[in-house]
Amino acid sequence: MRMVLEPIFERDFAEQSYGFRPRRGCKDALRRVDDLLKQGYTWVVDADIKSYFDTISHDKLIGLVSTKVSDGRIITLIEQYLKQEVMGTVEQWTPEEGTPQGAVISPLLSNIYLDPLDYYMADKGIEMVRYADDFVILSRSEKEALKALERVTRWIREAELELHPEKTRIVNAIQAGGFDFLGYHFERGLRWPSRRSANKFREAIRSKTKRTNGHRMERIIWDINRSTKGWFEYFKHSHKSTFPYFDGWIRMRLRSILRKRQRRTGVGRGFDHLRWPNAHFAELGLFSMVTAHVEACQSSRR
């Protein structure tokens, strides 16, 4: 179904939509946000649609699909898909709105539902960057941002959706506080991993560096590198001050394992830096985000 419908709608999707589309992704959306900030669009409407995938109107969605799909069999199949009964923990129930998250076709249907919003904002001359249901609106002044928020609120209400009252706000990106978008935090002309992204990364590393880990250190480092390399590849555009902390924190976790093996308590600290210097872990193959960032910057300059 997705393979049939996607080419029909993809050719007309708006430029400012980046989520779940061929040859587009998070980095493209982040690059556009960064470009707009540098152009002076520093007043940002940080918006959040409350329970978006669970509250999409079936009738409105079918109406949007029907504008380009006339085959009644396809429309009926989509309707059956949307209203398919769900096995709950207590009882079986039939959804009256929303599209099930995780289904292959749900991202496409969600883009179809919000595509009119993309064109509406573009027609009003408003700069919006959207990735599925996650979007930000960038303006040159607070007055423009307030007007943009008013317009998007009205559209969202007419679409039978709701902006989250606590998570939707207007911020000045050149002042303290900033905003989060697709895992990054933007503030005062800089960007770094959001608190949520950093916490999620630390949790992944903690699970691999428990002091009771009985694997050889080379095996532990190999497992860590699988996480750090992928994480760095996404967040390598962060400010350079991001990476020394994470490199040092990972080495502290490894030193704590070595302390445990010597029947000593506590985390790696003090003279542990002399017993197992940074070079020791580098020789064992530990990936350094600081080194990788320097190399990435040099490659970018070339």
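Scroll up to find the structure this text is about.
Along every chain, residues carry numbers that run from 1 in the direction the sequence is written. Under the rules for a predicted model, residues below a pLDDT of 70 receive no local features and side-chain atom pairs below 80 are neither given nor counted, while totals for whole chains, interfaces and linings still include all residues. No hydrogens and no water enter the side-chain calculation; it runs on all heavy atoms of the structure.

A. Examining the sheet that holds strand 7 (residues 179-181) more closely. Taken together, the 3 strands give an open sheet; going across it, the order is 7-8-9, and neighbouring strands pair in antiparallel fashion. Pairing within the sheet leaves two strands with one partner each, and these edge strands are strand 7 and strand 9 (190-193). Across the sheet, the mean angle separating the axes of adjacent strands is 30 degrees when strand polarity is ignored. One requirement defines pairing of two strands: DSSP has to find at least two bridges between them. Each helix corresponds to a stretch of at least 4 residues labelled H or I by DSSP, and each strand to a stretch of at least 2 residues labelled E; elements are numbered beginning at the N terminus. Both strand 7 and strand 8 (residues 184-187) contribute to a ladder of 3 bridges, which runs antiparallel. Note that in strand 8 the partner of F181 across the bridge is Y184. In this description, a line fitted to the C-alpha atoms serves as the axis of each element, helices being fitted only across the stretch in contact, and the angle between N-to-C directions of two axes falls anywhere from 0 to 180 degrees.

B. View of the layout of surface pockets. Of the two site types, the cavity is a set of points on a 1 Å grid over the protein atoms alone where a 1.4 Å probe fits but cannot get out, and the pocket is an open set with protein on both sides within 12 Å along at least five of seven lines, each lined by residues with an atom within 4 Å of a point. Grid points are joined across faces, edges and corners, and a volume is the space filled by probe spheres set on the points. In this structure, the largest pocket encloses a volume near 840 Å³. Around the largest pocket sit 28 residues that line it, and D134, D180, L182, G183 and R196 are the ones nearest its centre. Elements with a minimum of two residues in the lining of the largest pocket: strand 1 (43-48), strand 7, helix 8 (195-208) and helix 9 (217-235). Looking at the lining of the largest pocket, the element that brings in the most residues is helix 8, giving 4 residues. For this scheme, ten residues count as nonpolar: Ala, Val, Leu, Ile, Met, Phe, Trp, Tyr, Cys and Pro. Four count as charged, namely Asp, Glu, Lys and Arg, and the remainder, Gly too, count as polar. Among the residues making up the lining of the largest pocket, the classes are represented as 12 nonpolar, 6 polar and 10 charged.

C. Broad picture of the pattern of salt bridges. Salt bridges are identified by distance alone: a Lys or Arg side-chain nitrogen within 4 Å of an Asp or Glu carboxyl oxygen. Here the structure, examined in full by the defined rule, presents 22 salt bridges. R21 is the partner of E10 in a salt bridge, and the nearest nitrogen-oxygen pair spans 2.7 Å. Here R21 lies in the loop between helix 1 (2-10) and helix 2 (26-38) and E10 lies in helix 1, a separation of 11 residues in the sequence. Each member of the pair, E10 as well as R21, carries the same accessibility label: buried. Ionic pairing is found between R264 and D272, a salt bridge with its closest N-O pair at 3.1 Å. Using a 1.4 Å probe on the protein chains alone, a residue whose accessible area is under 20% of its type maximum counts as buried, one over 50% counts as exposed, and one in between counts as partly exposed.

D. Highlighting a negative patch on the surface. Only residues whose relative accessible area exceeds 30% and that form no salt bridge enter a patch; like-charged residues are grouped when within 9 Å of one another, and nonpolar side chains (Val, Leu, Ile, Met, Phe, Trp, Tyr) when within 5 Å. Using the Shrake-Rupley algorithm and a 1.4 Å probe, accessible areas are obtained, with residue cover drawn only from the displayed protein chains. Counted as positive: Lys and Arg. Counted as negative: Asp and Glu, with His and the chain ends omitted from the count. Throughout, a charge is located at the NZ atom of Lys, the CZ atom of Arg, the CG atom of Asp or the CD atom of Glu. Together, D54, D59, E79, E96, E97 and E160 give the surface a local cluster of negative charge. Among the secondary structure elements, D54 is positioned in helix 3 (residues 52-55).

E. The nonpolar core, seen in detail. Buried Ala, Val, Leu, Ile, Met, Phe, Trp, Tyr and Cys residues that are joined via side-chain atoms within 4.5 Å together make up what is termed a nonpolar core. In this structure, V33, V129, L138, F179, F181, I250 and L254 are the most contacted members of the largest nonpolar core, which totals 42 residues. Contacts between residues were defined by any pair of non-hydrogen atoms, one from each residue, lying within 4.5 Å. In contact with V129, other than residues within four places in its own chain, are Q16, Y18, A29, R32, V33, L36, D134, F135, V136, L138 and F181.

F. Fine view of helix 2. By definition here, a helix of n residues has an expected span of 1.5 Å times n minus one. The terminal C-alpha atoms of helix 2 lie 18 Å apart, and with 13 residues this matches the ideal 18 Å at 1.5 Å per residue to within 8%. Taken together, the buried positions of helix 2 are occupied by A29, L30, V33, D34, L36 and L37. When helix 2 is viewed along its axis, its buried side chains cluster within an angular range of 165 degrees and face the same direction. Phi for G40, located one or two positions after helix 2, is positive at around 105 degrees. Regarding the arc, it is the one traced by the directions from the helix axis to the C-beta atoms.

G. Representation of the sheet that holds strand 1 in the model. The antiparallel open sheet is built from 4 strands, whose spatial order is 4-5-1-6. Both edges of this open sheet fall to strand 4 (127-131) and strand 6 (169-172), since each of them pairs with a single strand only. Averaged over neighbouring strand pairs, the angle between their axes works out to 20 degrees when direction is ignored. With 6 bridges connecting them, strand 1 and strand 5 (residues 134-139) associate as antiparallel partners. In the sheet register, D46 faces strand 5, and the bridge partner there is V136. Packing of helix 2 onto the sheet brings it into contact with strand 1, strand 4 and strand 5, and relative to strand 4 it is tilted by some 160 degrees.

H. Region of the structure containing the side chain of S194. Within the secondary structure, S194 sits in the loop between strand 9 and helix 8. Of note is the side chain of S194, whose polar atom sits 3.0 Å from the side chain of S197. When neighbours within four sequence positions are excluded, S194 is seen to be in contact with D180, G183, Y184 and H185. For this analysis, a polar contact is any N or O atom pair within 3.5 Å, provided that within protein one partner can donate a hydrogen and the other can accept it, and provided that sequence-adjacent residues contribute only side-chain to side-chain pairs.

I. Structural detail: the pairing of strand 8. Alternating residues of strand 8 divide into Y184 and F186 and H185 and E187, and every residue in both groups is buried. Between strand 7 and strand 8, which follow one another and run antiparallel, lie 2 residues, and L182 among them has a positive phi close to 50 degrees. Both strand 8 and strand 9 contribute to a ladder of 4 bridges, which runs antiparallel. Bridge pairing in strand 9 links Y184 to P193.

J. Main features of the packing of aromatic side chains. Any two rings among Phe, Tyr and Trp, with Trp reduced to its six-membered ring, count as a pair given centres within 6.5 Å; such a pair is stacked if its planes are under 30 degrees apart, edge-to-face if over 60, and tilted if neither. Summed over all chains, the structure comprises 15 aromatic pairs. With a centroid separation of 4.9 Å and an interplanar angle of 85 degrees, the aromatic rings of Y234 and F235 are classed as edge-to-face. The partly exposed category is assigned to Y234, whose relative accessible area is 21%. Among the residues examined, F235 registers a relative accessible area of 5% and is labelled buried. On the basis of an interplanar angle of 70 degrees and a centroid distance of 4.9 Å, the ring pair of Y245 and F246 is categorised as edge-to-face. Looking at F246, the relative accessible area reads 5%, which means it is buried. Taken together through their ring pairs, the aromatic side chains of F179, Y184, F186, F201, W231, Y234, F235, Y245 and F246 make up a single cluster. By definition here, charges over rings are those cases where NZ of Lys or CZ of Arg is within 6 Å of the ring centre and within 35 degrees of the ring normal. Cation over ring: R24 sits above Y18, and NZ or CZ is 4.6 Å from the ring centre.

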